[in-house]
Structure formats: C-alpha cells, structure tokens
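So the chains spell out like this:
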Amino acid sequence: MTEIAISANGLVKTFRTRKGPLNAIDNLTLEVGRGETYGLLGPDGAGKTTTTRVILGLLSRTGGQSSILGFDSMRDTYAIRERVGYIAQQFVLPADLTVIENMRFFASVQGISQEAQDARIPELLAFAGLTDFTRRLAGQLSGGMKKKLALACSLIHQPQVVLLDEPTLGVDPVSRREFWSLLGNLRAEKGLTIFVCTPYMDEAERCNQVGLIYKGRLIAHDTPSGIKKMVPGHLLEFKPAKFVPARDLMGGLPGVLEVQTYGAMLHIFVEEAERGRRTIEKTLGSHGLEWSGMRIIEPRMEEAFISLVSRQEAQDHDQ
Amino acid sequence: MLRRILAITQKEFIQTVRDRTTLMIMLSMPLLQLILFAYAIHMDVKHIPMVIADQSMDQASRSYITDMVRSDYFDIISTVQGEADVIHAIDAGTARAGLVIPPNFAAQVDRGSANVLLLVDGSDPFTTQSAYNAANVISQTHAITLALDDLSRSMPAISSQDLSPLTTHINILYNPDLKDLWFLIPGMIAMLLQTQTIALTSLAVVREREAGTIEQILVSPIRPLELMLGKTLPNLLIALINMLTIVVVGTLAFGVPFQGNFPLFLGLALIYVFAGLGLGLLISSVSQNPRQAQQLNMMISLVGLIISGFIFPRYTMPVVLQGIGYIFPLTYFIPIARGIFTKGIGIEFLWGSVAALTIFAVGIIFFAARLFRQRLD
Ligand SMILES: Nc1ncnc2c1ncn2[C@@H]1O[C@H](COP(=O)(O)OP(=O)(O)O)[C@@H](O)[C@H]1O
Ligand SMILES: [Mg+2]
C-alpha cells in the first residue's frame, strides 16, 4: 500500500450549474506509484483541474474515494497539506509580494524554522534560476519565471508528492523545456512523485505513466509507448491537393481503420502498411486526385489520443 | 501556530504598506469623516434660515430680532407679512423656521405677557430641536435682560453690572450647541471606528478569493482561525492609530473635554476595534465576491448607526430592535465611550458592557473562522 502515492477510486464530482448538474469527473479511477511521473492528459474542459483539486481536498467530492500517501483527501486535509506541493493552473501567489517574500511566507506557513529557511531558500532560488530576481514583485515576473517561483514555493517544505496543474501554461517553448528538465532533476535526485496535468501531447511523452482524461472519464492509462500501441494498425500520412474529396474517399476503403485530419495532412490508420498504401494511392489516382508526401509514420501520442477519443465517442453513441 | 499567524500578519503588513494609496485613505478617512460630520452638525445647528413676520415694527420687536440674529443660530433671509407667508416659505423650503411677532409687541412686553409664534420645519428633527432650543434660550435671555433693565431703571441703587453674571450663567447651562457636541463626539468616534474596522477587514478574505490566491493559502496548512487572527493584527494597528487621531482631534479641535481615564479608554477601545475587525472578517468569510462584501458592510454600518444608540436612545426602541442591536459592537461601546469620555466614570460602572464586548470580540473571530469556507466550491 505504501507504494501508492495518489489514488482515486470511482471518483465523482458533480457541479451544480444553472443548466443543471454537470459531471466534471465521472467515475474516475487512477493510481500513481511512488516516484512516478504521472501525466493526466486531456483537452481543455476534460476535468484535469477538477480532478487535481478534489484529490487535494480543495473541492468536495460527490462520490468515490481519493487519497494522497494514504491520507484521505477530505478528512486528512492538513496531513496532506504538510506533505504535498501544488501549483495551480493560474498564478495564485500574492502578486504584490517579492520573490523572496513569497518564499519566506510559504516557508513560514509550512512551519519551517528561520535557520532552515536561510539554508533552503537560496538553494531553491538557484535551482529555479531566480537568484537574481529575489527583489522583484511576483506579479512582474515573466510567465516562465512565475511558474518557476510557484514550483520553488511548492517545494519549500520538501514534499514527497507534487501536483502540477498545467505548469507550462503561458510559458514560452524554451522555458517549457527548462521547466521540464527541472522536474526531471527532481525525480532523479529526490525520488519525488509528480502528478502533472497537461493538454500538450509532447509533455506526456516525458511522463512514465499517462492517463487520458476526456469528459471527466479516464479513457486509457498506460506508459506513453503502451498508449501508442493501443492504436490499431499502422499510420500513413500524406498531403492531398484537394482535401475534402480525398478525405471523404478514405473512410469507406477496405483495410482503413480510422481517418484523422492533421492540418492540411491526412492521417490514415490501416491494417497493413504497404497494402493500405497501395489501396489509397490507387483510389486517389482513379479519382484524379493528386497528393504528395505519402509515408508511413510512427503514431504519436496525438494520433493515439484522437483515436482513443473517437473510439470512446463511438462507444457512447452505440449505447 | 504562532509562526503561521505571524507569517500571515507579516504578509498582510507588507501588502498594506505597499498599497500606499489605500493606506493613506485608510489612515485619513476617519479623521476626515469626523471633521465633516462634526462640522456639518455644527453648521446645521447654527445659521438656520428664517423668515420673519414682524407685525409690530417697534423698538421692542427690533431689539428681540437683533438678539435672534446675533446668536448666529438664525439667518434672517426675508421679512414677510404674516403667518401664512411664513408657512409658505417653510413649505417652499426657502426657510426652516419662521417667527411671527404680533402687533403691539412692545405693549405686551411692557405688560409682561409677550407672545411670539415660532414656526419650525418639523421634517428635519435636528433643525427642529436646535431651532426650538436656540429660540427658547434666546427668548429667555432676552426676557431676563429686559427684566434686568427694568429693575436697574426702577432701582438705580443696583447697577445692571451687578446683575449681569446671572445672564452669563444661564447662557452656558443652556447652550444647546455645546451640549450637542459633547454628546456627539464620543459616539461619533465609536461610530467611525466601527465603520472603519468593518471596512478594513470586510474585503480581507473575499479579495483573496477574487484574486485566486486563496487557492494557494488553502493548500497550505494554515487553519482558518490563524488566517483570521493574522489578518486582524495589522489592521488593529491602523484602527488604533485612527482612534488616537480622532480622539485627539475630537478633544482639541472641538473642545470636547476628555473626562475619564485615558489608558482605560484605550484598553477598551482595543477590544472594541478587535470586535469590529472580527465582524468585518465575518462578512468577508460569508461573501461570495467583493461586491457582496461591500453591500453587507454598508448595510451593517447603516443599521448599526440607527439602532446602536448613537442617534436614537435604545430604550425607546421595540425589544426586537434592541435585540438586533447586540450584533453591533457599537452598541456595547457607546455607553463605554460616553461614560469614560464625557462622564469620566471608571470601569466599576462599565463591567457589563466590557464583559459583553469581550465575549463578542472573541466569539465573532471564532464564528468568522467557523464560517470560512475551506474549499473552493
Ligand atoms: N466551479 C465550477 N462550477 C461549475 N462548473 C465547473 C467548475 N469548475 C469546472 N467546471 C466545469 O467542469 C469541467 C471540467 O473543468 P476543468 O476541471 O477545469 O477542466 P480542465 O482543467 O481539464 O480544463 C468543465 O466543463 C468546466 O466548465
Ligand atoms: Mg484546467
């Protein structure tokens, strides 16, 4: 049991809205082992923030169970708060305090002694690359630095688990990579359990476990490569000259499992790569449609995700 | 626990000081209000616009009118014919009071049975009261002066100098203006402190909710009571500074003497201020957004003003209203403030109010912490 850092079992969260009840989390079950980096992957509105907040006890739950380090989210809130770090999706540190004042505030409310603060804060500031900005108001930091400050503050009490809600939202690509390498260091050096919500498929590749959340439900969970293997068949990519007629032709072809659009490209899942390719080229040719860049590619998280979502939709439709 | 409270206090303190404009407003508002209110009341009492129907037009009536004007209580804005015109002027709002001096005023005065008719606009009780009191005093003074003149004329042996102290004596005792301020300033200090303390904290929690910063506070191990206490302390300082300035200005600028024990007053004011901050926190805890908090704050300040005994005596109110009065710290503090400030009484007469206020102050903080929503939904 102690190997489980975060668990949710049949978790349900229903919001009462003006348009009636809304199931933001629908019977969600997940488990995160200690030391794992777990990515909760899903589009906007899928329920990532709500899941994180319920697990942290920031929102009440409508049904089911959830706990962190064996502490129940609702009953043992203070035990959780002393052991867990959290970065909210939005920047929610006091904007009118400086970097150092923020650090000291969160250190003090975590009960960290002055001496320990004097040792730990410079270390964390250096780690987050904020050493030169200690006197700057938090509200005046760049997006990336804000996230790094939030990370530094959330680590001040040396938590065993951190939950990060879209930690790279509003952050430029370079800072995003920096942020992830910070997380990598944390996992390697401290064995920290990291639970991270993200809508970015590429970030999911950096996790060792991924849960796909869609409309409040966990529709798949596995390692990144495991997820990618869930997609049936092989993937062909090409760029049709005339997009709509080409796309409409693909669906009915023998051996074609699924059609996805990817910008101006078409992604076709086929049972067998070479045979599929020949069928497609023949069909396009016989209809006088031109194409370019036909190739076989490895399905990425993105294709896998779309495939799994559309399968889920189809299943829901059948019921 | 103490470390967390101090951490919050320090954070609030930094944030308060960093927001210069708001801080300046907070520090100057009560003083400004005190001056405005006291001055407004002062002005209202004096310079009441008056029309006069002098149907006598003789030496006696003119001397009486001169006394009226000299008092500064009345400004004669016009002279009219009779009672009907006076009523018309008051109806039209051009005058607040009117004086009708009947024909043969001088003869009546000589007979010792002069009657004048004073008409006052009753729709404004403050003016009514002042006009009534002032006219009464002026008339009596005038009558006494006449009597004295009479006396000195019929008995040349006694100079009117010997008799004049009597006039002065009556003047001080019945000076309605002086009494009003003496009575009003302690209550006003109490009222301004309540308004300010509620205003100081009523946004404290709801603002964090609005900014989203409550989320980070909620995931830290801060307990609700610690949050409440931490947010109270810096505001306590601001409220105390204000208390001192308005007490000093109230006593010096308006010449209202402080009769009682100042340290005692200060100590009790501390409890009172604490209670007001607690009430503000309660508002902040239950409000969903700053607008709601502001409205609740307004409502409480207004209702408190009316039923706490600041303006109207509580014993004249229905029992239900008297009961509701107990939710305002002002209700407990008014007798304390007036008692110490004006009457100079010691704590031995105030135990009841002090005990009630202390229980209120402690209770309200716990209540605010209890009602603080520890989740985001
Ligand atoms: N406080 C709330 N009240 C009502 N509905 C909410 C609330 N918070 C979130 N929702 C709804 O719940 C769903 C999931 O939202 P959220 O958890 O924020 O998704 P994500 O973080 O994946 O973008 C959305 O449909 C959102 O509109
Ligand atoms: Mg979200």
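If you're wondering where the values come from, they're calculated on a predicted model, not measured in any experiment.

We now examine the overall build of chain B. In terms of regular secondary structure, chain B is built from 16 helices and 4 strands. With the C-alpha coordinates aligned to their principal axes, the bounding extent of chain B is approximately 90 × 45 × 40 Å. Considering only residue pairs separated by 6 or more positions, chain B has 79% of its internal contacts joining residues 24 or more positions apart. On chain B, the mean spot of the 23 positive side-chain charges and the mean spot of the 25 negative ones are 19 Å from each other.

The protein atoms that coordinate the magnesium ion (ligand 2) are Thr49 of chain A (OG1) and Gln89 of chain A (OE1), at distances spanning 1.9 to 2.0 Å. With Thr49 of chain A in helix α1 (residues 48-56) and Gln89 of chain A in the loop between β6 (84-87) and α3 (99-109), this pair connects stretches of sequence that are 40 residues apart.

On to the interface of chain A and chain B, then. Each side of the interface is counted separately: chain A has 31 residues, and chain B has 23 residues. Counting each side, the surface lost to burial between chain A and chain B is near 2,600 Å², with a carbon and sulfur contribution of 58%. Across the contact surface, chain A and chain B share 3 salt bridges. A salt bridge links Lys13 of chain A to Asp377 of chain B; the shortest N-O distance between them is 2.4 Å. Viewed at the interface, chain B and chain A are joined by 12 residue pairs in polar contact (both at pLDDT 80 or more). Broken down by secondary-structure element, the contributors of at least two residues to the side of chain A that touches chain B are α1, α2 (77-83) and α3 of chain A.

Residues and elements named next belong to chain A. In the vicinity of ligand 1 lie 13 residues, with Gly45, Gly47, Lys48, Thr49 and Thr50 positioned nearest. At a separation of 3.2 Å, an oxygen atom of ligand 1 approaches a polar backbone atom of Ala46. Lys48 is positioned such that a nitrogen or oxygen atom in its backbone is 2.8 Å from an oxygen atom of ligand 1. For the shell around ligand 1, the secondary-structure elements that each account for two or more residues are β1 (4-17), β2 (20-33) and α1. Looking at the shell around ligand 1 element by element, the count peaks at 3 residues for α1. Among the residues making up the shell around ligand 1, the classes are represented as 5 nonpolar, 6 polar and 2 charged.

Here the focus is the nonpolar core. Ranked by size, the top nonpolar core spans 158 residues in total, and within it Ile6, Leu30, Ile68 and Leu163 of chain A together with Phe333 of chain B carry the most contacts. Dropping the residues within four chain positions of it, Phe333 of chain B is found in contact with Ala190, Phe265, Leu268, Ala269, Tyr272 and Leu357 of chain B. In terms of nonpolar packing, the next biggest core, distinct from the first, is built from 17 residues, Ile48, Met50, Met68 and Ala131 of chain B among them.

On to the packing of helix α5 (residues 143-155) of chain A against helix α6 (residues 173-190) of chain A. The angle between the axes and the distance between the axes are what describe a pair of packed helices. Residues and elements named next belong to chain A. At their nearest, the axes of α5 and α6 sit 10 Å apart, and the two run at 15° to each other. By the angle class used here, α5 and α6 are roughly parallel. In this structure, the crossing between α5 and α6 has a hand that is right-handed. Residues Gly144, Lys147, Lys148, Leu151 and Leu155 of α5 touch α6, and the partners they reach there are Ser175, Glu178, Phe179, Leu182, Leu183 and Leu186.

Here we come to the sheet that holds strand β7 (residues 161-165) of chain A. Residues and elements named next belong to chain A. One open sheet holds the 6 strands; their spatial order is β6-β7-β8-β3-β9-β10, and the pairing between them is mixed. Each end of this open sheet is capped by a strand with a single partner; those strands are β6 and β10 (217-222). The average undirected angle you get between the axes of adjacent strands in this sheet is 15°. Taken together, the 4 bridges between strand β3 (residues 37-41) and strand β9 (residues 209-214) define a ladder with parallel strand orientation. When the sheet's bridge partners are listed, Tyr38 is paired in β9 with Gln209. Contacts from α5 reach β6 and β7 within the one sheet, and its direction differs from that of β6 by about 165°. Sitting on the sheet, α6 is in contact with β3, β6, β7 and β8 (193-198), with an inclination near 155° to β8.

A few words on the environment of Ala264 of chain A. Residues and elements named next belong to chain A. Here Ala264 is to be found in the loop between β12 (256-262) and β13 (265-270). Once the C-alpha coordinates of Ala264 and Gly35 are considered, the two residues, 229 residues apart in sequence, prove to be 40 Å apart. Residues within four places of Ala264 in sequence aside, it is in contact with Lys239, Pro240 and Phe243.

Okay, the sheet that holds β1 of chain A next. Residues and elements named next belong to chain A. Reading across from one edge, β2-β1-β4-β5 is the order of the 4 strands in this open sheet, with antiparallel pairing throughout. Each edge of the open sheet is held by one strand with a lone partner, namely β2 and β5 (71-72). Taken together, the 5 bridges between β1 and strand β4 (residues 63-68) define a ladder with antiparallel strand orientation. Within β4, the residue paired with Val12 across the bridge is Gly63. Against the sheet, α1 engages β1, β2 and β4, with an angle of about 115° to β1.

Here the structure, examined in full by the defined rule, presents 12 aromatic pairs over all chains. Ring centres of Tyr326 of chain B and Tyr332 of chain B lie 5.9 Å apart, and the angle between their planes is 40°; this geometry places the pair in the tilted category. In textbook terms, an aromatic cluster arises when at least three aromatic residues are bridged by ring pairs, as seen for Phe258, Phe262, Phe265, Tyr272, Phe333 and Phe341 of chain B. A cation over a ring is seen here: Lys146 of chain A above Phe91 of chain A, with NZ or CZ 5.3 Å from the ring centre.

With 17 residues, helix α1 (residues 2-18) of chain B should cover 24 Å at 1.5 Å per step; its first-to-last C-alpha distance of 24 Å lies within 8% of that length. Every buried residue of α1 of chain B is accounted for by Arg4, Ile5, Ala7, Ile8, Thr9, Lys11, Glu12, Ile14 and Gln15 of chain B. Where α1 of chain B is buried, its residues touch α3 of chain A together with α9 (204-211), α10 (214-218) and α11 (224-252) of chain B.

The next subject is the domain arrangement of chain B. Frequently, the measure chosen for interface size is the accessible area that the parts lose on association. With domains assigned, chain B is organised as domain 1 (2-41 + 178-376) and domain 2 (48-163). Centre-to-centre separation of domain 1 of chain B and domain 2 of chain B, based on C-alpha positions: 45 Å.

The next subject is the pairing of β13 of chain A. Residues and elements named next belong to chain A. Burial analysis of β13 places 5 of its 6 residues in the buried class, which makes it a mostly covered element. As paired elements, β12 and β13 share 6 bridges and run antiparallel to each other. Paired with Glu258 across the bridge in β13 is Phe269. The hairpin turn running from β12 into β13, its antiparallel successor, is 2 residues long, and Gly263 in that turn takes a positive phi close to 65°.

In this section: the side chain of Thr201 of chain B. Residues and elements named next belong to chain B. Along the polypeptide, Thr201 turns up in helix α8 (residues 176-202). Of the residues examined, Thr201 reaches a relative accessible area of 0% and is grouped as buried. A polar atom in the side chain of Thr201 sits 3.2 Å from the backbone oxygen of Thr197. Excluding residues that lie within four positions of it along the chain, Thr201 makes contacts with Lys231, Asn235, Gly276, Leu277, Gly280, Leu281 and Ser284.

Residue and element names in this part refer to chain B. Summed over the entire model, instances satisfying the criterion amount to 25 salt bridges over all chains. Glu12 serves as the salt-bridge partner of Lys231, at 2.6 Å between the closest nitrogen and oxygen. You can see Lys231 sitting in helix α11 and its partner Glu12 sitting in helix α1, a full 219 residues away along the chain. Just as Lys231 is buried, Glu12 falls in that class too.

Definitions and cut-offs
- Residues numbered from 1 in each chain as written.
- Chains lettered and ligands numbered in written order.
- Predicted model: local features only at pLDDT ≥ 70, side-chain atom pairs only at ≥ 80, totals over all residues.
- Heavy atoms only, no water.
- Helix = DSSP H or I, 4+ residues; strand = E, 2+ residues; numbered from the N terminus.
- Contact = heavy atoms within 4.5 Å.
- Lys, Arg positive; Asp, Glu negative; His and termini not counted.
- Charge placed at Lys NZ, Arg CZ, Asp CG, Glu CD.
- Donors = N, O, S within 2.8 Å, 3.2 Å for Na, K, Ca; no water.
- Buried area = accessible area lost by both parts, 1.4 Å probe.
- Salt bridge = Lys/Arg side-chain N within 4 Å of Asp/Glu carboxyl O.
- Polar contact = N/O pair within 3.5 Å; in protein donor to acceptor, adjacent residues only side chain to side chain.
- Near = heavy atom within 4 Å.
- Nonpolar A, V, L, I, M, F, W, Y, C, P; charged D, E, K, R; others polar.
- Core = buried A, V, L, I, M, F, W, Y, C linked by side-chain atoms within 4.5 Å.
- Buried < 20%, exposed > 50% of the residue type's maximum accessible area, 1.4 Å probe, protein only.
- Axes fitted to C-alpha atoms, helices over the stretch in contact; angles between N-to-C directions.
- Parallel < 35°, antiparallel > 145°, perpendicular 65-115°, else oblique.
- Left-handed = near helix turned anticlockwise from the far one by under 90°.
- Pairing = 2+ DSSP bridges.
- Phe/Tyr/Trp six-rings, centres within 6.5 Å; stacked < 30°, edge-to-face > 60°.
- Lys NZ or Arg CZ within 6 Å of the ring centre and 35° of its normal.
- Expected span 1.5 Å × (residues − 1).
- Domains from an automatic or database assignment.

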